[in-house]
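# Overview (structure and organization)
The lines below spell out each chain.
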Amino acid sequence: MPSTPRLTLTNALALGLMTFALFLGAGNLVFPPQVGQQAGTDVWPAALGFLTTGVGLPVLGIVAVAVSGGGLDRILSPLPRWAATLFGLAIYLSIGPMFAMPRTATVSWSMGAEPFFGQASSLDQTLYIIGFFSIAVTLSLMPGRLVDVVGKWITPLLIILLVILAGATVLFPQGPLGSVSPQWQDAPFAQGFQHGYMTMDMLASMVFGILIVNAIRSKGVTDTASLTRYTLLAGLVAGICLSGVYLPLTYMGATSHLVAPGAGSGELIPAYVNALFGPTGNVLLAAVITLACLTTAIGLLTACGEYFHGLMERVSYRTIVIILGVLGVVVALQGLSTLIQVSVPVLSALYPLAIVVILLSLVRPFLPHPGRMFNAALLLTLPAGLLDGLAAAHLLDAWPALSTFKEALPLAREQADWLMPALAGIGLGAILQFIPSPDRRTETA
């Protein structure tokens, strides 16, 4: 029998670095310093919580794609078609025109361009964001090789900068660890866990995962066991690299109180880099951050354009990308702080469902009736996720009974009140696995 093709160590490492490059975007740079700034002396438990959702779950997400044998549509196939469509829409809207895509423009403006404008006007910001998305849309409509070439030199530059920045931050911190913010004192791990949602990498893993799987298949590896093994290896390499970015940036935030007191989400890193390297550091930071955000925007425009073109085949890919670009401009003009504020309730509601889907996808091959398990688990997780979203939006005050009910749920203090309903749903789904189908047909595997 012919031997199963294997990846060389060089190919495996290259695959891991490609995975790292896919996930390294705007949110990966903005939120770790924010976590450190809020956590202060509790930086390490907060960082561990952030790594759980910002690194661990995205790695499991791409492995789930390999186990499922396809992209997001395959992962969601145990759900009813209408539920899978709504879930897919929620994910693509979140990583696309609602939050992640506009965030690339606002981050590149806040961290890249605005520090050089002095007293920047709203017109300056508007023109910059329009120009940013004009370039991103144009490149999204060109052959993919152009984007590949740009990525080959942008990503190494960004990695080099981050290595220099991480080393300087660890060796020459600009102050002692700051004090812990009041809302972080009781549960720094839980706070870091929820802030990891903001990277949106777990949601993106269900979209980007198929790119990793296809890259492995292009090397001749086709059997599920090998695909899963190499995908896990790529995820581990990417996870180590992401952790190498997150931990120094989190430490940067924790030691930033003297050089960047009260700095906003996009202001902390430029202020710290200026303290470390002077104006020269900010020039290099601005160039690389802007280019990195641009390539992220191109990738998101392309992925979302293909998805929505699949849903609306009569509308051309070109038209959809242009519409997405216009929406990106409109949403980005609301500002980075507004984007973060609005995205928190949506991600608080969506993430518990996505976590359950990914974890169940990992055990799906062993389930005789996966549809029953997915439906039962998500049916009980959904109300708890919605309560988290309403609480994050400060809307539960209008319903005292719901607020009291949420506070009475187990692990509410740790902000994981969705966990017990999810486990109850998984338990119900496990029981349903032993009930034979009336028509004796096997459900979708």
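First, a word on what this report is: a plain description of the structure on this page. Predicted, not measured: the structure shown is a model, and the values here were computed from it.

### A short note on the layout of surface pockets
- Within this model, the second largest pocket holds a volume of roughly 520 Å³.
- Contributing to the lining of the second largest pocket are 21 residues, with Gln191, Gln194, His195, Val344 and Gln415 lying nearest its centre.
- Among the elements of the structure, helix H2 (26–39), helix H9 (188–195), helix H15 (336–363) and helix H16 (370–392) are those that each provide at least two residues to the lining of the second largest pocket.
- Its residues placed into classes, the lining of the second largest pocket shows nine nonpolar, nine polar and three charged.

### Quick look at the side chain of Ser343
- On the secondary structure map, Ser343 appears in helix H15.
- Overall, the relative accessible area of 2% leaves Ser343 in the buried class.
- There is a polar contact of 3.0 Å between the side chain of Ser343 and the backbone oxygen of Ile340.

### Some details on the pattern of salt bridges
- Counting across every chain of the model gives two salt bridges.
- Close ionic contact of Lys406 with Asp388 constitutes a salt bridge, the shortest N to O distance being 3.4 Å. Of the two residues, Lys406 is situated in helix H17 (residues 400–408) and Asp388 in helix H16; the sequence distance between them amounts to 18 residues.
- Measuring nitrogen to oxygen at the nearest pair gives 3.3 Å for the salt bridge that ties Asp417 to Lys406.

### A short note on the nonpolar core
- One finds Phe87, Leu203 and Met206 to be the most contacted residues of the largest nonpolar core, which totals 120 residues.
- Met206 has contacts with Val65, Gly71, Leu72, Ile75, Ile91, Ala354, Val357 and Ile358, leaving out every residue within four places of it along the chain.

### Re the environment of Ile289
- Looking at the element boundaries, Ile289 is found in helix H13 (residues 279–311).
- For Ile289, a relative accessible area of 2% corresponds to the buried category.
- Ile289 sits 95 residues away from Ala384 along the chain, and the two C-alpha atoms are 37 Å apart.
- What Ile289 contacts, discounting residues up to four positions off in sequence, is Leu29, Val107, Ser108 and Met111.

### Some details on the state of the cysteines
- Taken as a whole and assessed by the stated rule, the structure comprises zero disulfides.
- Cysteine Cys241 shares no disulfide, and the gap to the nearest cysteine sulfur, in Cys293, comes to 19 Å.
- Here Cys241 falls in the partly exposed class, since its relative accessible area comes to 22%.
- Not part of a disulfide, Cys293 finds its nearest cysteine sulfur in Cys304, a span of 16 Å.
- On the basis of relative accessibility, which here comes to 2%, the residue Cys293 falls in the buried class.

### Considerations on the packing of aromatic side chains
- Applying the stated criterion across every chain, the model contains 10 aromatic pairs.
- Taken together, a centroid distance of 6.1 Å and an interplanar angle of 10° make the contact between Trp44 and Tyr251 stacked. Taken together, the positions of Trp44 in helix H3 (residues 43–68) and Tyr251 in helix H11 (residues 224–254) put the pair 207 residues apart, joining distant regions of the chain.
- Judged by its relative accessible area of 46%, Trp44 is partly exposed.
- Through successive ring pairs, a cluster of aromatic residues spans Trp109, Tyr128, Phe132 and Phe133.
- A cation sits over an aromatic face here: Arg229 above Tyr230, 5.1 Å from the ring centre.

### Regarding empty space enclosed by the protein
- Counting across every chain of the model gives four cavities of 30 Å³ or more.
- Ala100, Thr199, Asp201, Thr296 and Leu300 are, among the 17 residues lining the largest cavity, the residues nearest its centre.
- A per-class count over the lining of the largest cavity returns nine nonpolar, six polar and two charged.
- Roughly 40 Å³ of internal volume is contained in the second largest cavity.
- Leu29, Met111, Leu158, Leu161, Leu162, Leu165, Leu249, Ile269, Leu285 and Ile289 are the residues that line the second largest cavity.
- For the lining of the second largest cavity, the secondary structure elements donating two or more residues are helix H8 (144–171) and H13.
- For the lining of the second largest cavity, the element with the highest residue contribution is H8, accounting for four residues.

### Remarks on unusual backbone geometry
- The residue Met200 is not glycine, and still its phi comes out positive at about 60°.
- Among the secondary structure elements, Met200 is positioned in the loop between H9 and helix H10 (201–217).
- Positive phi outside glycine occurs at His394, with the angle close to 60°.
- Residue placement: His394 occurs in the loop between H16 and H17.

Basis of the calculations
- Residues numbered from 1 in each chain as written.
- Predicted model: local features only at pLDDT ≥ 70, side-chain atom pairs only at ≥ 80, totals over all residues.
- Heavy atoms only, no water.
- 1 Å grid on protein atoms, 1.4 Å probe; cavity = no way out; pocket = protein on both sides within 12 Å on 5 of 7 lines; lining within 4 Å.
- Points joined across faces, edges and corners; volume = space filled by probe spheres on them.
- Helix = DSSP H or I, 4+ residues; strand = E, 2+ residues; numbered from the N terminus.
- Nonpolar A, V, L, I, M, F, W, Y, C, P; charged D, E, K, R; others polar.
- Buried < 20%, exposed > 50% of the residue type's maximum accessible area, 1.4 Å probe, protein only.
- Polar contact = N/O pair within 3.5 Å; in protein donor to acceptor, adjacent residues only side chain to side chain.
- Salt bridge = Lys/Arg side-chain N within 4 Å of Asp/Glu carboxyl O.
- Core = buried A, V, L, I, M, F, W, Y, C linked by side-chain atoms within 4.5 Å.
- Contact = heavy atoms within 4.5 Å.
- Disulfide = S-S within 2.5 Å.
- Phe/Tyr/Trp six-rings, centres within 6.5 Å; stacked < 30°, edge-to-face > 60°.
- Lys NZ or Arg CZ within 6 Å of the ring centre and 35° of its normal.

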